[in-house]
Each structure stands twice: as C-alpha cells, then as structure tokens.
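Descriptive structure summary
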Amino acid sequence: MATKLFGKDLKQYTDLSDLDDLLSQLTEEELEELNNDLDPDNSLLPPSDRIKDQTTKKPTGPFDRQKLLDFLEKKGKEEKDWEQSKEFAKETRGKVWKPKEPPKEEASEIDDMLGDTEWDDVLNNATEEELVDLAAVLGFHGMLNQVQYHASLEDKKVNAGGFKGVAQTQALKLTPAEPPNSTDVQESLDKLQANDTKLTDLNLNNIRNISVERLIMFAEALKTNTHLVTLSMANTRMTDKVAKKLAEALEENKSLKTLNLESNFIGGESVVNLVEAINKNQILTELRLENQRSSVLGVKVEMKISKLVEENNTLIKLGIVLDIADARIRTQKHIQRNHDKFRRNRQGHVNATD
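These figures come from a predicted structure and were not determined experimentally. (Residues numbered from 1 in each chain as written. Predicted model: local features only at pLDDT ≥ 70, side-chain atom pairs only at ≥ 80, totals over all residues. Heavy atoms only, no water.)

Focus: the nonpolar core
The nonpolar side chains of a soluble globular protein tend to be buried, and buried together. Counting residues in hydrophobic clusters, the biggest one holds 49 residues, and the most contacted among them are Leu 259, Leu 261 and Leu 287. Mapped onto this core, the elements with two or more residues apiece are helix H9 (185–193), helix H10 (212–224), helix H11 (240–252), helix H12 (268–281), helix H13 (299–310) and helix H14 (325–353). (Core = buried A, V, L, I, M, F, W, Y, C linked by side-chain atoms within 4.5 Å. Buried < 20%, exposed > 50% of the residue type's maximum accessible area, 1.4 Å probe, protein only. Helix = DSSP H or I, 4+ residues; strand = E, 2+ residues; numbered from the N terminus.)

Spelled out as structure tokens, the structure:
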C-alpha cells in the first residue's frame, strides 16, 4: 500500500477535511502535474481535456503559411546531417535463392527397345487434314470442332480449323445484307386507288421514309380495293393514327387475307381495334403484330384480344406476344381449332374434285 503522495507522507493529509485546503498546500509544480494526470480513455471527459497540454511557448502572432515554409526550409539547410555510425557498404545477407535443377528424365527400357520407328516419320510428315482424320478415328473429339468431326465421318475435305488454337471454332460465314426495298411507293398507291387487278401483293416493308399522311392514303384506298390479298407494312414507323384508319378500312375490305404490321409504333388499344375490325367480315386469315412500341400490352388488353380471337372463325395465324397465360392458352387453342377446320375443308374440297 502506498504511504506517500506527491513525495509526502499520507499522515500529513489526514487532518485536511476540505479539498480546497488540500489544494492550497500544493506547489505550482504539483498542481501542474495533477492537471496533467488524466485518463485518456475516460469517455466522460471531452477529447480536448484527455490530451496532455505540452505547449509552453507563448503565441508569436497570427499564422503565416509562407513564413512557416521559409522557416522550415532555412532550418533544414542550416542543420547538419546526422552522423552515420556505420558507412554504407553493399552486402548480401542471408541465403541467395537459386532455382532447382529439373530432374533428368531417364529413358525407359521400352523407349530404348523401340527407338525411332516408321510411325514417327509418318506423323511428322502428315498434313493437318490427315491429323484431323486420325484424331477423329482415335476418338479425340475434344481436339476437333463439329465441322472437322463430321467432315472426317463423311470423308469430306477439311477447309477450315485445325490444331492452331486451344478452342477450335469454325470461321464465321458472312451473309450479304438484304437489298433495300425497291417498291415504288407512289406507283403502288396509284394502283391501289385505281383498284388494279394485277396488284394482289403489296410489300412496303422497311420503307421508313413514308409520311403519316401517305400511310393514311394507303388505308383509305384499301377500303374500296377488291383485289389486294397480301399487304406487308412492317417497319414503316406506323403510329396509332394510321392503325385506326387501317382498322376502319378492314371493316369495309373483303379481299385482304394477309396483313403484316410488325415492328411499328402501335399501342395496345390500336391492336384491339385491328382485331375487332377483322371480326366484322371474317376474311383475314393471317395477322402479324409482333415487336410493337409497347412490349407489355397489359392484362385488360390481352384478355380483350383473346376474347375477340375466340369470336373469329377464319384466323389461322396470329403473330403477337401475350404474357398472360390464360389469354395465351385460349388464343392458341382457338387458332389451332380454326387451323384444323381449314385443313378439313381443304381435304374435303380435294376429295370432291377427285
């Protein structure tokens, strides 16, 4: 047990009943030591009070950054370098790493007996096609691609591939791009308006510079046309405004059997209007409406389409994506029922003519 405090005997502090009296008897050095004796881990004290104040120099003035940098640079030049107790000398300590020598392969007795055979000369002089055939015969299918493997089975000449890479692939065959649509838009419109008997198939696919007004003129001309059978208007930037006019034309037209409106900007309501229009005359057999602006039609629109399709007795091909399972299944079943009915009627007509 400690018997002294600040260098004095504890008995001298027994008669002190007041803390102020105790502090008044301490010297300045003892008070300073007492103030600095703080617990740095005491969370009840603010951080500024946990740190010992080691600054005894009085402030010399406001902070001047450039003056401080000049002082540090001057002091660094004036101070002498530390004396080295040992001069620098390049030396290597510890063991130096040396790679291990690979073990020497001892020739086996079988290799000594066989030596160089005629098969070595055959393999060294073999062409790449012969090596491919040999790999296929021995069952090394991982060394071949599908083209090489099937060519070896059918005794065909291998024109591509080989053993030049780890992953064997067939060279990509580039197909030429499709030529642009050469249909004369104005001439086709004039023939459609004049109800030309020779115009039975009109292809306007991928002609993206047709104005909305001209597309509406095609729809208006379709109302009175009686000879057009197939109309393709895919990827023509058709909007809902044109689709509504086209739905009105389908209600009056009685000759059109195939209509392709894929890859346009037709909304869900316009799709419903088109399906309603073809139900009036029951003439159209193929309708393609995939890849429109709104990829998701919604539950209400899809259920309306399925109910309208169930009312149609001539539609055998419908190109549209339905996400709702109920609408998709009901539509597929009815389309299949119409297709079976069409096939039975065709067979009956053939039998009657025979």
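Description of H11
In a regular helix each residue adds 1.5 Å, so 13 residues correspond to 18 Å; H11 covers 19 Å between its end C-alpha atoms and thus fits that length. Those residues of H11 lying buried are Val 242, Ala 243, Leu 246, Ala 247, Ala 249 and Leu 250. For H11, the angular spread of buried residues about the axis comes to 165°, placing them on one side. Along its buried surface, H11 packs onto H10, strand S5 (258–260) and H12. (Expected span 1.5 Å × (residues − 1). Arc of directions from axis to C-beta. Contact = heavy atoms within 4.5 Å.)

Observations concerning the layout of surface pockets
By volume, the largest pocket is sized at about 240 Å³. Lining the largest pocket are Thr 60, Gly 61, Pro 62, Phe 63, Asp 64, Lys 67, Leu 68 and Phe 71. What the second largest pocket holds in volume is close to 170 Å³. Looking at the second largest pocket, the residues that line it are Leu 318, Ile 320, Val 321, Leu 322, Arg 328, Thr 331, Gln 332 and Ile 335. It is H14 that contributes the most residues to the lining of the second largest pocket, four residues altogether. Class assignment for the residues of the lining of the second largest pocket results in five nonpolar, two polar and one charged. (1 Å grid on protein atoms, 1.4 Å probe; cavity = no way out; pocket = protein on both sides within 12 Å on 5 of 7 lines; lining within 4 Å. Points joined across faces, edges and corners; volume = space filled by probe spheres on them. Nonpolar A, V, L, I, M, F, W, Y, C, P; charged D, E, K, R; others polar.)

Comments concerning the pattern of salt bridges
As a working rule, side chains carrying opposite charge can pair if their charged atoms are close by. Counted according to the given criterion, the structure contains 10 salt bridges. In this structure, the salt-bridge partner of Glu 220 is Lys 223, at a minimum N-O distance of 3.2 Å. Of the two residues, Glu 220 and Lys 223 are both situated in helix H10; the distance of three residues between them amounts to about one turn of the helix. In this structure, the salt-bridge partner of Glu 248 is Lys 223, at a minimum N-O distance of 3.9 Å. You can see Glu 248 sitting in helix H11 and its partner Lys 223 sitting in helix H10, a full 25 residues away along the chain. For Lys 223, a relative accessible area of 19% translates into the label buried. Through salt bridges with shared partners, a single ionic network connects Glu 220, Lys 223 and Glu 248. (Salt bridge = Lys/Arg side-chain N within 4 Å of Asp/Glu carboxyl O.)

Section: the confidence of the model for the protein
Across the protein, the average pLDDT comes to 83, with 80% of residues at or above 70. Contacts of residues 164–168 to residues separated by more than four positions or lying in other chains number six contacts, the stretch itself having pLDDT below 50. (pLDDT = per-residue confidence, 0-100.)

Here's the deal with H13
Helix length check: H13 (12 residues) gives 17 Å between terminal C-alpha atoms against 16 Å at 1.5 Å per residue, within 8%. For H13, the complete set of buried residues consists of Val 301, Glu 302, Met 303, Ile 305, Ser 306, Leu 308 and Val 309.

A word on empty space enclosed by the protein
In this structure the tally under the stated criterion is one cavity of 30 Å³ or more. Taken as a whole, the largest cavity holds about 70 Å³ of empty space. Along the walls of the largest cavity sit Leu 250, Asn 253, Leu 256, Ala 277, Ile 278, Asn 281, Gln 282, Ile 283 and Leu 284, which together make up its complete lining. Per-element tally for the lining of the largest cavity: the top contributor is H12, with three residues. Residues that form the lining of the largest cavity fall into these classes: six nonpolar, three polar and no charged.

What about a negative patch on the surface?
Taken together, the side chains of Glu 28, Glu 29, Glu 32, Glu 33 and Asp 37 define an acidic patch exposed on the protein surface. Looking at the element boundaries, Asp 37 is found in the loop between helix H2 (28–36) and helix H3 (47–50). (Patch = residues over 30% accessible without salt bridge, like charges linked within 9 Å, V, L, I, M, F, W, Y side chains within 5 Å. Areas by Shrake-Rupley, 256 points an atom, 1.4 Å probe, with all protein chains shown as cover. Lys, Arg positive; Asp, Glu negative; His and termini not counted. Charge placed at Lys NZ, Arg CZ, Asp CG, Glu CD.)

Topic: a nonpolar patch on the surface
A cluster of nonpolar side chains, namely Phe 63, Leu 68, Leu 69, Phe 71 and Leu 72, defines an oily patch on the protein surface of about 520 Å² accessible area. Examined against the element boundaries, Leu 69 turns out to sit in helix H4 (residues 65–78).

So, the sheet that holds strand S7 (residues 317–319)
The strands that make up a sheet pair up through hydrogen bonds in the backbone, lying either parallel or antiparallel. Strand order in the open sheet formed by five strands is S3-S4-S5-S6-S7, and the pairing between neighbours is parallel. The open sheet has two edge strands, strand S3 (201–203) and S7, and neither has a second partner. Averaged over all adjacent pairs, the angle separating strand axes in this sheet is 5°, with direction ignored. When strand S6 (residues 286–288) meets S7, the two strands line up parallel, connected through three bridges. What sits directly across from Arg 288, in S7, is Gly 319. (Pairing = 2+ DSSP bridges. Axes fitted to C-alpha atoms, helices over the stretch in contact; angles between N-to-C directions.)

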